[in-house]
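So the chains spell out like this:
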Amino acid sequence: MSEDAILRLQQTGLFKKLFEKENEEIEKTSLVDHEISQNIISVVRKAAPLLERIPENMPEFTLHNANHSVHVIENIEKIIPCETLKQLNSIEISILIYAAYLHDIGMIASSDDRKQIVKTSEFKKHLTSNEELYEKFEEAKNNSDYEVALNMENKAFTDFLRKNHVQHAHKIIEEYELDSEISWKGIPYCNWVMAVCDSHELPVKDLYNTQSWPNNTFVLDKPVNVQYLAVIFRLADKLDIDPERTPKHLFYYLNPKDEISIKEWNKHLCITGFPITPEKIKIVADCKHPEQERTLRKFIKEIDKEIEDSYQLVSSYRDNFEEKYTLKLSEPVDAEIHSIGYEYCDFHFELDYCRVLDLLMGEGLYGDPIVALRELLQNSVDAVRYRESLEKREGNGYNPSIEVSLIKDELIVEDNGIGMDEKIFENYFMKVGRSYYQSLDFRQKNVNVDPISEFGIGILSVFMVANKFTVESRRKTFEDELNPSKPIYFEIPTAYDYFIKKQSKRSKYGTKITLYLKPNHPFSAETLMEKISEIAPFIEYSIKVHTIERTQTYRPLLPGEIPSTGKKAKKYFEILFGENDNLEGIEGRINVVSGRYYSNDNCRIIAQRGFSIPSEGLFPDWISDNLDVSINLSGQEKLTLSPSRQMVVKDKKYSRIANLINLKYIEELDKHLKTYRNSNSVEKYLKYVDEILKLEILNPGRNKYSINPRPINQQIKKIFLENVPLPFLSANGKKTYKFVHDLETLPFIGITGVNDWPDKISDKRIFEEFKNEATIECPLLLFDGDENLVKKDFFEGILGNPKHILITSIPGVVIEINSNNSEEKGVFWIQGMFLTYGMVNNGNNGTPFFVHIPYAFDTEEVIFNARHPLIFNLLEGRKPKNEICLKALGVLSTSLSSIFNQLINILPPGVYSDSRICYSKNINYMLIGILEYYPEMINKFDHVVQEFWRKAQKLGAVSSIEKCPKFTAKDLPWFWNYKKLSEK
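All of these numbers come straight from a predicted model, not from anything done at the bench.

## Thoughts on the pattern of salt bridges
Taken as a whole and judged by the stated rule, the model has 41 salt bridges. Residues glutamate 56 and arginine 53 are paired through a salt bridge, measuring 3.9 Å at the closest nitrogen-oxygen approach. Accessibility expressed as a relative area gives 55% for glutamate 56, which makes it exposed. Taken together, the salt bridges that share partners define one network made up of Lys280, Lys282, Asp334 and Glu336.

Encoded structure:
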C-alpha cells in the first residue's frame, strides 16, 4: 500500500520538479543532498496506511486516501503557471506535497481516540446541537435500544470529526511523529506545512493574516511564501473531481444514506470531463436529476468564488512578488452541463413574509383570541419554573410571582422568573419559530424543567387582541453574578415593523409584557378570573389578578380535584392516577357518574404541564359523557399539540396514553363490579348491572348491524362474561340468570326476544320448540326486553352474526341460532340489507322474504332471505353477481324502507298506533295478525316489488321478458297473517 503510494508520488510532475531542484543544488555545491525528497517519501510511507483508515469513521464519504493526495498534487501542477513553478524552491514544493498527504489525516480516530472524544464537552455540545438527532438518540437510550443509540452517536461522531479534522490532524501528526521528519538540515518547518493544511477549511480572507500565513519567511536561506502556497493548495484540493475518487461500484456498494454524502457522491459521478490549465477550468457533466445538477452548480459557484478571492489576493502582490508568484486563473469555471430527461430551473416556493405573519397572528390558526393570554401565561410559568429550579440548585430561597392586570385597555402579564437579556431577546423572542426552551442553549444548562414552550410562534397570537405591545425584562444570571445583565425594554408596534428600543430602569428580575388592546378585545373584569382558571387549571403557582374593580388571587386546582358543576350526579366508582401507579406522568382522578343529560354538564379538566388541552378521543367514546375528569399530563406522557394548542396530534404518544387510560378504566370497572356483587344481594346486583348497562358505563364499543362494525373490546367482553348475569330459558320454562365465562366454547347458542305475553305464549313451549329444532343440546339465551341497547350490542358482539334464523311454529317467536364454527357463514350485508341463506320457516310452506330479528328495537331491523326469488337470482354466493345487480339491490333496499317506516307509526307506541294492537317489547309479537287489521299491507309490498322489478329490468339486472312474481301473504312471516292468538 505504502510502496504503491510512493511510486505514484514519484511519477508526478511536482515531485520530479522537486528532484530536479535538488539536483540543481547538487551541481552548485557538489554535495549530494536529497534530504527533502527522502523525508517526503518517509512521511508518505507512514501517512498512506493512515489515510486508508478514514472510512472506519466516515464510511459514506468520498475517498480521502493517498490517491486523493496524488490528484491534489497533479492539480497543483496544472494550476501554477510554468514560469512560477520554475521559480518555486524545493522547500516550497515540499510544503505543497506534504499538505496534500496530511490535510485530511485528522479524519482518522482510533477506538481509544473515539472514547476520549465522545466524553468531551465539545462533542456533547455538538451532539445536542442537532435537535432531531439528539432526540432520537435520547429516545433510543430511554427505550434501551442501544443499537439505534449507537448509530445516532456514530453519525454525530462522523460529523464532529469532519468539522474538527483540521485541528485533530495536529494531534495525529504529533502522535505518529510525522512532524519530526519535516525538516531540512536540522531546521523543522512542519509549522508552515500545517498552516497550509489549516487553510483548506477557512475562507480566503483569513489568508491576509500574514502572522499565520506569511508571504516572506525563510527556512534557512530558502524564501517561503506560505500565503501563496495556501492559495494554490486550496484550489487544487477543491478541484479534485477525478472519477477515481468516487468509483461507481463503490457508491452502489456503500449505498450512502447521509444527505451530505449522497450529494457529494452524485456531484462527482455526473462529471464526465474536467480539463484544468493555468488559465482556465472547464467542467463537463451529464446530470440525470435536477438535484444532482443543483449540487454541481452550487459547487461550481463555490469554485468561482474561490477563484475570484484567490486571484484578488495574489494580484495584490507587488515588486518581485508580482513577477514570481502569479495566478492566471481569473475567469469563472466554463461549465458545460447536459440536463438529461428534464429542463433545469431554480423554481421553488417562496414565503410571503407579511402574509405568513398574518396567518400566524390570526384566528385562522388559533381560533380563540383568548389564546393570547394563554401564551403569555405559559411564558411566565416557564420562566418561573426555570428560575425556581436554578435557585434550588444554588440553595437560594425564592418566592415565585405571576400577576395579571386588566386596567382600561391594557392587559399586563408580569412575572419574577428568569427574565431575558438582549441576547435571549434577539436570538429567540424575535425569531419566529425558535423557542429558547427547545434550544441547545437551554439543554446545556441541564435544568430539571419540563417546559411548555415548543414552537416559538405563540407570541404572535397577541396581535389578535392588541395593536401593539411592550416587553420589559431583566435576566437573572447564575454564571457570573458579579456582572448582572442589563434590563431591556422594547416596543413592538406591529409584527411587520422594526422594534423600538428604549432605556429600562427595571431593577427586579423577570419579565413584564403589556398589551395595548384593540377595541373589540375579549377580556373583561368580570370574566378574567374564569378565563385564567380555564387556561391554567393545574399550574403550581397562584396568580394575582388585578382589575379596575378589585384584586383577587387565583388559586389553581390540584390534579384530581373536581369542582362542583352544580349538576347532581350519582358516582359509581373512581379511577386514580398518581404516585402509586405505573402510569408515570399521568396524575389525577376520573369519576364515573350518571345523571348528566348533556356532556357539557360534566367537569372535564385535562391539562398538560398545568395548562388545559383538548381531550377528544382520550377516553372510551361510549363512556365519555359519564366522566368527571381531573388529569394532568407531564414528563414522558406528554401529548403532541398543534401550534395553536387547540388540537391534539393523534400520533403514537396519543395512542399510548389513550390506551393506558382505557386499560385503567377497564381494570377499575372490573374491580368495582366484583366488589358490588360480593357485597349485595343477587336482585340488587341484577338491577345495578342493568343500570350501568343502560348508562353505557359497560359497553362493547361496537355494533354488528353497521356497515363497518368495530370488533368488540376483548377486555370489556371478558368483564361482561364474568360480571353480567345472562337470562336463559330452562327446560321447565323458567328464566334463570347465569354468568357465562365460556360462552365462546359452546358450539351453538340460541337467542330469542323477550316474552312479555307469558299468559298467551309460555316460556316452556318456546324452549321445547327450540330443543326440537336444535340438532344438539345447546342453551337458549333470552333477550329480556328491558330496552337495553348495550346488552343487545354485547350479544351481537360476542355471539357474532347468526348462522340460522328460525321462524318457529309459535306465533311471533323468532330464534337466532349462532355457531362458533368460523367456517359456517352467517348473515352478510349488501346495500343496506342484511341477508342470510339460513332462514328456516316452521310456520307454513311459504318462503318469507324477511323477518325482524328477535330483539329488534326498530321496524327496519330485519334480515332478508337470500333464497327468496326476488333476491336469489341477483346473488352469486354472498356477493352480487355484478355491478348491475348491486345497483338493483340498492333500489330494493331503498324502496322497502318506506314501508318499514310506516310500521313505526302503526305499532305502539307510534304516533298513529292502532289501539287493537297490544304493546310488546318484542316487535314480532306486535306483528302477529297485523294483516287482519291492515290487509292493504300486502298491496303496498306488492306495489313496491312491482316498481322494483321494472327498475331492475331497466337496469338489466332482470330479463325484460321475465314476469315479476306477485307478492302474497306467503312472502311475509307466517304469523303476520295469524288469525287468533291463544296458548296451545
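## Topic: the sheet that holds strand β5 (residues 271-273)
Read from one edge of the open sheet, three strands run β5-β6-β7, paired in mixed fashion. Strands with a single pairing partner mark the edges of an open sheet, and in this sheet they are β5 and β7 (334-339). This sheet shows a mean twist of 25° between the axes of neighbouring strands, independent of strand direction. The pairing of β5 with strand β6 (residues 282-287) spans two bridges and is classified as antiparallel.

## A few points about the confidence of the model for the protein chain
One rule of thumb: low pLDDT means the predicted coordinates there are not for detailed reading. With 88% of its residues at a pLDDT of at least 70, the protein chain reaches an overall mean of 85. Within the model, pLDDT remains below 50 along residues 245-256, and this stretch shows 26 contacts once partners closer than five positions in the same chain are excluded. Under a pLDDT of 50 for its full length, residues 702-707 has, in the predicted model, 27 contacts with residues more than four places off or in other chains.

## Looking at helix α29 (residues 883-906)
Between the first and last C-alpha of α29 there are 36 Å, a value that for 24 residues agrees with the 34 Å anticipated at 1.5 Å per step. Of the residues that open α29, the one with a side-chain oxygen 3.1 Å from the backbone nitrogen of isoleucine 884 is asparagine 882.

## Re the packing of helix α1 (residues 2-10) against helix α4 (residues 66-79)
Following both chains from N to C, one finds α1 and α4 inclined at 5°, their axes separated by 10 Å at the closest point. Classified by the interaxial angle, the pair formed by α1 and α4 is roughly parallel. Of the residues in α4, those touching α1 at Ala5, Arg8 and Leu9 are Ala66, Asn67, Val70, His71 and Ile73. Here the contact of α1 with α4 is built from residues that sort into five nonpolar, two polar and one charged.

## Here's the deal with the packing of aromatic side chains
Under the criterion given, the structure shown has 32 aromatic pairs. Ring plane angle 85° and centroid distance 5.6 Å describe the contact between phenylalanine 123 and phenylalanine 160, whose orientation is recorded as edge-to-face. Remark: phenylalanine 160 occurs in helix α10 (residues 146-175) and phenylalanine 123 occurs in helix α8 (residues 121-129); sequence separation between them is 37 residues. For phenylalanine 123, a relative accessible area of 2% corresponds to the buried category. Cluster of aromatic residues (ring-pair linked, three or more members): Phe849, Phe850, Phe864, Phe900, Phe941, Phe967 and Trp976. Over the ring of tyrosine 516 we find lysine 468, and its NZ or CZ is 5.0 Å from the ring centre. For arginine 677, the ring lying beneath its charged end belongs to phenylalanine 739, and the centroid distance is 4.5 Å.

## Observations regarding the sheet that holds strand β10 (residues 466-474)
Read from one edge of the open sheet, eight strands run β12-β11-β10-β13-β9-β8-β14-β15, paired in mixed fashion. Each edge of the open sheet is held by one strand with a lone partner, namely β12 (500-502) and β15 (551-554). Here the strands of the sheet are splayed against their neighbours by 15° on average, with no regard to which way each runs. As paired elements, strand β14 (residues 543-547) and β15 share four bridges and run antiparallel to each other. Within β15, the position partnered with lysine 544 by the bridge is threonine 553. Packed on one face of the sheet, helix α20 (residues 422-429) meets β10, β11 (488-492), β12 and β13 (510-517) and runs near 35° to β11.

Conventions used here
- Residues numbered from 1 in each chain as written.
- Predicted model: local features only at pLDDT ≥ 70, side-chain atom pairs only at ≥ 80, totals over all residues.
- Heavy atoms only, no water.
- Salt bridge = Lys/Arg side-chain N within 4 Å of Asp/Glu carboxyl O.
- Buried < 20%, exposed > 50% of the residue type's maximum accessible area, 1.4 Å probe, protein only.
- Pairing = 2+ DSSP bridges.
- Helix = DSSP H or I, 4+ residues; strand = E, 2+ residues; numbered from the N terminus.
- Axes fitted to C-alpha atoms, helices over the stretch in contact; angles between N-to-C directions.
- pLDDT = per-residue confidence, 0-100.
- Contact = heavy atoms within 4.5 Å.
- Expected span 1.5 Å × (residues − 1).
- Polar contact = N/O pair within 3.5 Å; in protein donor to acceptor, adjacent residues only side chain to side chain.
- Parallel < 35°, antiparallel > 145°, perpendicular 65-115°, else oblique.
- Nonpolar A, V, L, I, M, F, W, Y, C, P; charged D, E, K, R; others polar.
- Phe/Tyr/Trp six-rings, centres within 6.5 Å; stacked < 30°, edge-to-face > 60°.
- Lys NZ or Arg CZ within 6 Å of the ring centre and 35° of its normal.

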